[in-house]
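Fold and geometry: a report
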Amino acid sequence: MSKRVPIKRISATVAKAVRDAHRAAPEDDRAFFDELKARAAPAMPPRPMVAARSIGGESKPKGPRLGDDPRYLANLRTIARRAANARIIGGTPIAGKEFDDCVAVGDDEMWGCTGTLIAPNVVLTAGHCERLHTRVFVGQDPTKKGRIFKVRTHIRHPKFDAALRNDVMILILEKKVTGVTPRKMAPKALIDKASIAKVIGFGSTRLDGTGRLGSKLETDVPIVSSACRGTVRGRKDSAVYGCHLSHEIVAGKPLLLHDTCKGDSGGPLFLENAAGEWLLAGTTSRGTDLDQTMCGDGGLYVRVDVYKKWIASVLKKA
């Protein structure tokens with residue numbers, strides 16, 4: 001097992017790398033990206049490789065990378081200007097109760113996914129989390145004190161498939177969650193123009209995806225494609241990132257290794273509106289087809305606005 005690098009040391013190095021990269025490349029986003037990688041790389045932990053996803057284990061064909069996408073480069077720089085934030089792959093622990101609607105999802109033995117409370121007794125999570133559908137945890141860390149609510153029934157989207165299309169599921173709880181305000185959903189217009197989002201989850205903070213769920217973490221991520229509709233070097237987003245057209249958001253890693261990971265599945269991707277409210281825009285589904293590690297190479301998030309009618313029909317019966 002590789003030696004883990006202390007988060008404080010990583011954060012300090014990345015913060016300095018951001019400042020130096022800005023000075024070295026004040027106008028060119030691609031040059032800034034290259035400078036940032038080069039300056040921060042010495043402090044980053046080793047990147048454990050994962051097996052190829054293709055049948056037979058063949059290596060992936062060479063093609064565009066995140067650094068080739070001008071949308072990613074521009075939005076990455078915007079985040080960097082805000083601050084060199086800490087590393088959900090290495091996110092910032094959440095203080096207070098602003099995001100208590102983000103809950104852990106599990107079965108009777110373990111916690112394995114994340115979800116969002118969208119009504120007093122309704123949680124929205126990922127369809128591929130179906131095995132983990134008997135209880136939810138409300139609190140900051142499922143290994144510590146919190147409230148547990150049993151699930152009365154679960155409804156996975158009827159058109160969910162092995163390719164993770166329609167990767168959403170609704171959990172109806174036996175009792176209402178008191179003291180927590182359900183999260184409002186973002187409108188289509190806000191999602192379409194998004195450039196930066198906040199992701200939250202309880203998942204692994206290791207690049208190889210190992211380890212159990214722990215503290216609730218947050219981090220900001222740059223939006224690459226709000227609806228899987230663009231192109232990178234002449235190739236469609238769906239071919240580059242593995243996203244589903246019109247149904248998914250592509251978000252890249254900010255400041256090198258911030259990302260959602262195992263255990264964050266079903267968790268929220270929030271957007272801030274003009275009034276300063278954080279609204280639910282997406283649910284965490286999976287990594288992009290660019291993944292070289294289990295986590296840390298960007299993620300795909302299901303757009304919740306696409307499923308508003310379906311969600312409303314389920315809520316009527318809740």
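This structure is a prediction, so every number in the text was calculated from the model and none was measured. (Residues numbered from 1 in each chain as written. Predicted model: local features only at pLDDT ≥ 70, side-chain atom pairs only at ≥ 80, totals over all residues. Heavy atoms only, no water.)

**Side note on the overall build of the protein chain**
Convention followed: For the purposes of this entry, the term helix denotes a DSSP run of H or I that reaches at least four residues, the term strand denotes a run of E that reaches at least two, and both are numbered from the N terminus. Burial classes follow relative accessibility: with a 1.4 Å probe on protein chains only, a residue under 20% of its type's maximum area counts as buried, one over 50% as exposed, and anything between as partly exposed. Computed with a 1.4 Å probe, the accessible areas rest on the Shrake-Rupley method; for each residue, only the protein chains presented here act as cover.
Along its length, the protein chain carries six helices and 15 strands. Classification of the 318 residues of the protein chain by burial places 55% in the buried group. Of the accessible surface of the protein chain, which amounts to about 14700 Å², a share of 54% is contributed by carbon and sulfur atoms.

**Side note on the pairing of strand β6 (residues 147–156)**
Heads up, the rule is: In this scheme, strands are said to pair when DSSP sees at least two bridges between them.
As paired elements, strand β5 (residues 135–138) and β6 share four bridges and run antiparallel to each other. Considered in β6, the bridge of V136 is made with F149. As paired elements, β6 and strand β7 (residues 169–173) share five bridges and run antiparallel to each other. In the sheet register, R156 faces β7, and the bridge partner there is M169.

**Observations concerning the pattern of salt bridges**
To keep things clear, this is the line we draw: The term salt bridge refers to a side-chain nitrogen of Lys or Arg lying within 4 Å of a carboxyl oxygen of Asp or Glu.
According to the stated counting rule, one finds 12 salt bridges in the structure shown. D20 is paired through a salt bridge with R23; the nearest N and O atoms lie 2.3 Å apart. Pair noted here: D20 and R23 are both in helix α1 (residues 7–24), with a separation of three residues, about one helical turn. The salt bridge partner of R156 is E130, with a shortest N-O separation of 3.1 Å. Placement of R156 in strand β6 and of E130 in the loop between β4 (122–125) and β5 is noted, with a sequence separation of 26 residues between them. The class of R156 is partly exposed, set by a relative accessible area of 28%. Overall, the relative accessible area of 27% leaves E130 in the partly exposed class. Beyond isolated ion pairs, a larger network of salt bridges with shared partners links K188, D192, R303 and D305.

**Points about unusual backbone geometry**
For L164, which is not glycine, the phi dihedral falls at a positive 60°. Among the residues examined, L164 registers a relative accessible area of 19% and is labelled buried. Positive phi outside glycine occurs at R233, with the angle close to 50°. As for its position among the elements, R233 is in the loop between β10 (231–232) and β11 (235–236).

**Focus: the side chain of H244**
Rules: In what follows, residue pairs with any heavy atoms lying within 4.5 Å of each other are defined as contacts.
With respect to the secondary-structure elements, H244 resides in the loop between α5 (237–241) and β12 (248–251). Judged by its relative accessible area of 15%, H244 falls in the buried class. Residues in contact with H244, not counting those within four places in the same chain, are A163, L164, R165, A227, C228 and R286.

**Here we look at the side chain of K216**
Stated precisely, the cut-off is as follows: Asp and Glu count as negative and Lys and Arg as positive, but His and the ends of the chain are not part of the count. Here a polar contact is recorded for every N or O atom pair within 3.5 Å, except that within protein the pair must consist of a potential hydrogen donor and a potential acceptor, and residues adjacent in sequence are included only if both atoms are side-chain atoms.
Here K216 lies in the loop between β8 (196–201) and β9 (217–225). For the buried K216, no salt bridge is present, and the opposite-charge side chain at shortest range is D100, 4.1 Å distant. At 2.9 Å, the side chain of K216 forms a polar contact with the backbone oxygen of F99. Apart from the residues lying within four places of it in its own chain, the contact partners of K216 are T92, P93, I94, F99, D100, C102, G139, Q140, I200, G201 and F202.

**So, the state of the cysteines**
Counted only if it meets this: Cysteine sulfur pairs qualify as disulfides if the two atoms are within 2.5 Å.
Scanning the model with the defined rule gives two disulfides in all. There is a disulfide in this structure between C113 and C129, and the S-S distance comes to 2.0 Å. Since a negative S-S torsion denotes a left-handed disulfide, the C113-C129 link at about -90° is left-handed. Taken together, the positions of C113 in strand β3 (residues 111–119) and C129 in the loop between β4 and β5 put the pair 16 residues apart, joining distant regions of the chain.

**With respect to the sheet that holds β7**
Filter applied, for reference: Every axis in this analysis is a line fitted to C-alpha atoms, fitted for helices over the stretch in contact. Angles between the N-to-C directions lie between 0 and 180 degrees.
Pairing within the closed barrel is antiparallel, and its six strands lie in the order β2-β3-β4-β7-β6-β5. Averaged over all neighbouring strand pairs, the angle between strand axes comes to 40°, with direction disregarded. Along the sheet, helix α6 (residues 308–317) contacts β3, β4, β6 and β7; its crossing angle with β7, the most-contacted strand, is approximately 20°.

**Considerations on the confidence of the model for the protein chain**
Stated formally: Per residue, pLDDT measures the predictor's confidence, with a range of 0 to 100.
Considering every residue of the protein chain, the mean pLDDT works out to 79; 72% of them sit at 70 or more. Element-level pLDDT for the protein chain is lowest in α1, with a mean of 66, against a maximum mean of 98 in helix α4 (residues 188–192). Here residues 1–10 is modelled with pLDDT under 50, and outside its nearest four sequence neighbours on either side it reaches 12 contacts, counting other chains as well. Below pLDDT 50 for its whole length, residues 45–62 participates in 32 contacts with residues either more than four positions away or in separate chains.

**Some points on the pairing of strand β14 (residues 278–287)**
Across the 10 residues that make up β14, a large majority, 10, are buried. Both strand β13 (residues 268–272) and β14 contribute to a ladder of five bridges, which runs antiparallel. Bridging across to β14, L269 finds its partner in G282. Note that β14 and strand β15 (residues 299–303) share five bridges and pair antiparallel. Opposite R286, over in β15, you have L300 as the bridge partner.

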